[in-house]
Amino acid sequence: MVYLTCLCPTEVNSVNCNTSWKITLFMDYKENQDDILKGGDVVRLFHAEQEKFLTGDDYKKRQHVFLRTTGRTSATAATCSKALWEIEVVHHDPCRGGAGHWNSLFRFKHLATGHYLAAEVDNDTAPDQMRSKLRGQNGLAVYNLVSVPHGHDIASIFELDPTTLTRGDSLVPQSSYVRLRHLCTNTWAHSTSIPIDKDEDKPIMCKVGCASIKEDKEAFAIVPVSALEVRDLDFANDSSKVLGSISEKLEKSSITQNERRFVSQLLRDVIFFVGAQVDTLEYEFAKPDRERQKLLREQNILKQIFKILQAPFKDTGGNGAMLKMEELGETRQAPFRHICRLCYRILKISQNDYRKNQEYIAKQFPFMQRQIGYDVLAEETITALLHNNRLDKHIAEAGILTFVSLVRKNKECRFLDYLADLCVSNHVAIPVTQELICKCMLDGKNNDILIETKLVRTQFEAEADFEVDDGDGDRDGDGDPQREPRYSYDEEFDVILSWDAGEKNKSLRDLALGSSENCKEDVKILDYYRYQQDLFSHMFLDRQYLAINILSPQLDIDLILRCMSDDELPFELRAAFTRLMLHMHVDRDPQEQATPVKYARLWSEIPTELSIDDYESNMSKDATKESVKIKFESTIHFVENFLADVSCHKNSLFVDNEQNKLTFGIVNLGRHLIYFGFYSFSDLVRLTKTLLKILDSVPE
């Protein structure tokens, strides 16, 4: 073994036998400066006048080069992985790179596709003011920037023209403004307002032209890109290619066991790449990396994920599909089920708090809904996607019916929770989805999946002894007064739940007692009932009368108040009833928000002395509101007593999280009762003192 030493302090190992390898100098170590534009640097080209990045992307199965329009406030923040270009400094030796000089020749390699920036004649007759100006009076030919697959094409060579006076043999600073001159056609790149994607509702791809006349303001800023961003793009790009090849093999049913293991590991790597957590399937991920989420969509990883989810179940050759969805539950198909679960996990992470990814994934709703119920995390992904998102246009009746069928099949609380999530977005009701769920859940044929609530009255006989006096003070031989038994009738009310089409019945208190003793059946029924009540609350939100009118006769004010105030019931269940009271009975017609005190008044309208009683006596009373107020007297009384009781327990205040949920529900209910004018001014002052007492007890 011999050692070859370069002028630079680098040691190269070699052997003394003939090989096909050749060592060629790429760049002199003196040229390796951070602030100089070099071969191998990755940059973005930002058009200074238009404030748009030069981008390369596929449109209608053809590669285009364009200036990308953005809706962001700051155009420089609208970075895209498809706007990365690798600098190549042209030399006679194609393997040579080095630093770029102003008199050097350059190529721009599109990093995502490997294509090169070039120019060709443009015969588009679309009118454009800038193009007409730069074409000149002689009607010279005009060109536009395009993408070519090979770097040896002479049409891919450009020169950089400085925007300030400088020597031609000086080095090009890495962050500088340049004008692009196409060498072959002797034309200068310029912006246009001609859309490439003119068939879209909002075109964002503006053609980049080339004309013989140079315009000073048609300059690009060279924006350096960090090595970490380039590595992320390389990983995403390579992953997309591998996943694409795997999906093709799945379609042809030609995937091997080793390839299944490999794709499973790659999917885990993608999850770590975006979410960076320990457990790829179960662990709740932290906030994902937004730039890496974007890469999944831009580099078509999400597209390949959907292909993998579809490929095994698609009949492409006429010989039948490789798998059927029903077979995923079998032990022998566990590897494919695991691959599907990993795919849905990636979809769930990629859409988290990222609107563009959410809209992209939502287009696949019809397909995803067909995979609900097969333990591949499809339902969890759909629910996460719709949580606090107005994507209701993608929700159809078929999707709701799928969830309802899963409720019937599994009797699991999570499916009720999914339906509740579909009703609202950011605590605001989605009326269209509410109506669909209401029609499906409250249809008579689905009564067997709901637990019915009844208030049953029971009369019982109570015996009591009464003294009997005949008027002469006669007593028995023992001197005691005579006693005669008398009977009175009393009654008690009990909340009874019935399920399985009325075949099973049990009181709510007995269920709560069994649940506290960890009776599995009682725990399951009580949890299911609580989730059902929460679903009803979401269905009633923002006065959805289609649901309110159907269920309010069954769940009247008296029944709900009994459950709210029953200390033997769990706090979470009582909180669920509190929300029912609010959305079913309080926040509905004829209640309207009371007009607050007018702070802007004339001095002549303000009396010199005023008491609370005088203030209330001067207020006109609404007969309708007074009649409704009678129905809520017991509820108002309960709210005040509950809050007063909370204020008295300073030592245990806010210690129990489950009790806190109930307390919050009661406070929220009281807030709405105040807004709807059910409290007089004196009552409000009294309630305020109680609330201040509670706040005063909170430790700092």
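Residues numbered from 1 in each chain as written. Predicted model: local features only at pLDDT ≥ 70, side-chain atom pairs only at ≥ 80, totals over all residues. Heavy atoms only, no water.

Trainee: Explain the overall build of the chain to me, using residue names and the numbers behind them.
Mentor: Looking only at helices and strands, the chain has 22 helices and 19 strands in total. Looking at the 700 residues of the chain, the share that counts as buried comes to 44%. Partitioning the contacts of the chain with sequence separation of at least 6, the portion at a separation of at least 24 is 72%. (Helix = DSSP H or I, 4+ residues; strand = E, 2+ residues; numbered from the N terminus. Buried < 20%, exposed > 50% of the residue type's maximum accessible area, 1.4 Å probe, protein only. Contact = heavy atoms within 4.5 Å.)

Trainee: Go over the packing of aromatic side chains with me, naming the residues and quoting the values.
Mentor: For the coordinates displayed, the defined rule picks out 10 aromatic pairs. Note on Phe-235 and Phe-273: the rings are 4.7 Å apart at their centroids and 40 degrees apart in plane angle, and the pair reads as tilted. Placement of Phe-235 in helix α2 (residues 227-251) and of Phe-273 in helix α3 (residues 257-275) is noted, with a sequence separation of 38 residues between them. The class of Phe-235 is partly exposed, set by a relative accessible area of 27%. For Phe-273, a relative accessible area of 10% corresponds to the buried category. Ring centres of Tyr-529 and Phe-577 lie 6.0 Å apart, and the angle between their planes is 50 degrees; on these two criteria the pair is classed as tilted. Of this pair, Tyr-529 sits in helix α14 (residues 520-540) while Phe-577 sits in helix α17 (residues 571-586); the two residues are 48 residues apart in sequence, bridging distant segments of the chain. You can call Tyr-529 buried: its relative accessible area is 0%. Judged by its relative accessible area of 0%, Phe-577 is buried. Taken together, the ring pairs in this structure connect Phe-403, Phe-415 and Tyr-418 into an aromatic cluster. (Phe/Tyr/Trp six-rings, centres within 6.5 Å; stacked < 30°, edge-to-face > 60°.)

Trainee: Please set out the environment of Val-404 residue by residue, giving values where relevant.
Mentor: Summarising the element assignment, Val-404 is placed in helix α10 (residues 397-410). In this structure Val-404 comes out as buried when scored by relative accessible area, which is 2%. Here Val-404 is in contact with Leu-419, Cys-440, Met-441, Asn-446 and Ile-449, once residues within four sequence places are set aside.

Trainee: Give a detailed account of the side chain of Ser-515, specifying residues and quantitative values.
Mentor: Along the polypeptide, Ser-515 turns up in helix α13 (residues 508-516). Excluding residues that lie within four positions of it along the chain, Ser-515 makes contacts with Asp-522, Val-523 and Leu-526.

Trainee: Can you tell me about the environment of Ala-119, naming the residues and giving the values?
Mentor: In this fold, Ala-119 is placed in strand β8 (residues 116-121). Given a relative accessible area of 10%, Ala-119 falls into the buried group. For the pair Ala-119 and Cys-210, spaced 91 residues apart in sequence, the C-alpha to C-alpha distance is 7.6 Å. Those residues in contact with Ala-119, other than ones at most four positions away along the chain, are Asn-144, Leu-145, Val-146, Ala-155, His-182 and Cys-210.

Trainee: I'd love a proper account of the side chain of Ser-191, names of residues and values included.
Mentor: By the element assignment, Ser-191 lies in strand β12 (residues 187-195). Those residues in contact with Ser-191 that sit more than four places away from it in its chain are His-47, Gln-50, Leu-67, Asp-128, Met-130, Lys-207 and Glu-218.

Trainee: Describe the pattern of salt bridges, and please don't skip the residues or the numbers.
Mentor: Counted under the stated rule, the structure contains 41 salt bridges. Measuring nitrogen to oxygen at the nearest pair gives 3.5 Å for the salt bridge that ties Lys-294 to Glu-291. You can see Lys-294 and its partner Glu-291 sitting in helix α4 (residues 290-298), 3 residues apart, about one turn around the helix. Asp-558 is the partner of Arg-562 in a salt bridge, and the nearest nitrogen-oxygen pair spans 3.3 Å. Here the residue Arg-562 and the residue Asp-558 both occupy positions in helix α16 (residues 557-565), the gap between them amounting to 4 residues, near one helical turn. Residue classification places Arg-562 among the partly exposed positions, given a relative accessible area of 32%. Linked by salt bridges that have partners in common, Asp-527, Arg-530, Glu-572, Glu-658 and Lys-661 make up one network. (Salt bridge = Lys/Arg side-chain N within 4 Å of Asp/Glu carboxyl O.)

Trainee: Which residues make up the nonpolar core, and what values do they have?
Mentor: Note that soluble globular proteins tend to have their nonpolar side chains buried in a common cluster. Among the nonpolar cores identified, the biggest contains 129 residues, and Leu-419, Leu-508 and Phe-577 are the most heavily contacted of them. Take this core: its biggest share by element is 9 residues, from helix α6 (residues 334-351). The contact partners of Leu-508, leaving out residues within four places of it in the chain, are Val-495, Leu-497, Leu-526, Tyr-529, Cys-563, Leu-569, Leu-573 and Phe-577. (Core = buried A, V, L, I, M, F, W, Y, C linked by side-chain atoms within 4.5 Å.)

Trainee: An account of the packing of α2 against α3 is requested, with residue identities and associated values reported.
Mentor: Put simply, α2 and α3 touch, their axes get as near as 11 Å, and they point 145 degrees apart. Where α2 crosses over α3, the two elements pack in a sense that is left-handed. Along its contact with α2, which presents Asp-232, Phe-235, Ser-239, Val-242, Leu-243, Ile-246 and Lys-249, the element α3 presents Glu-259, Phe-262, Val-263, Leu-266, Leu-267, Asp-269, Val-270 and Phe-273. When grouped by side-chain class, the residues that make up the contact of α2 with α3 number 10 nonpolar, 1 polar and 4 charged. (Axes fitted to C-alpha atoms, helices over the stretch in contact; angles between N-to-C directions. Left-handed = near helix turned anticlockwise from the far one by under 90°. Nonpolar A, V, L, I, M, F, W, Y, C, P; charged D, E, K, R; others polar.)

Trainee: Report on the confidence of the model for the chain, specifying residues and quantitative values.
Mentor: Close inspection of predicted coordinates is inappropriate in any region flagged by low pLDDT. Averaged over all residues, the pLDDT of the chain equals 84, while 87% of them reach at least 70. Within the chain, no element has a lower average pLDDT than strand β1 (residues 2-5), which sits at 40, and none a higher one than α17, at 95. Confidence drops under a pLDDT of 50 for residues 1-10, and excluding neighbours within four residues, the segment shows 11 contacts in the predicted structure. (pLDDT = per-residue confidence, 0-100.)

Trainee: I'd love a proper account of helix α9 (residues 378-386), names of residues and values included.
Mentor: In terms of residue burial, α9 counts as a mostly covered element, since 7 of its 9 residues are buried. Of the surrounding secondary structure, the elements contacted by the buried residues of α9 are α6, α7 (355-362), α8 (365-370), α10, α11 (413-423) and β15 (424-425). Positive backbone phi, approximately 60 degrees, marks Asn-388, located one or two places after α9.

Trainee: Lay out unusual backbone geometry in plain terms, naming residues and giving numbers.
Mentor: Residue Pro-590 follows Asp-589 across a cis peptide bond; omega there is 5 degrees. Turning to its location among the elements, Pro-590 is positioned in the loop between α17 and α18 (612-617). One non-glycine residue, Asp-353, lies in positive phi territory at about 60 degrees. You can see Asp-353 is positioned in the loop between α6 and α7. Judged by its relative accessible area of 52%, Asp-353 falls in the exposed class. Phi is positive for Arg-543, close to 60 degrees, though the residue is something other than glycine.

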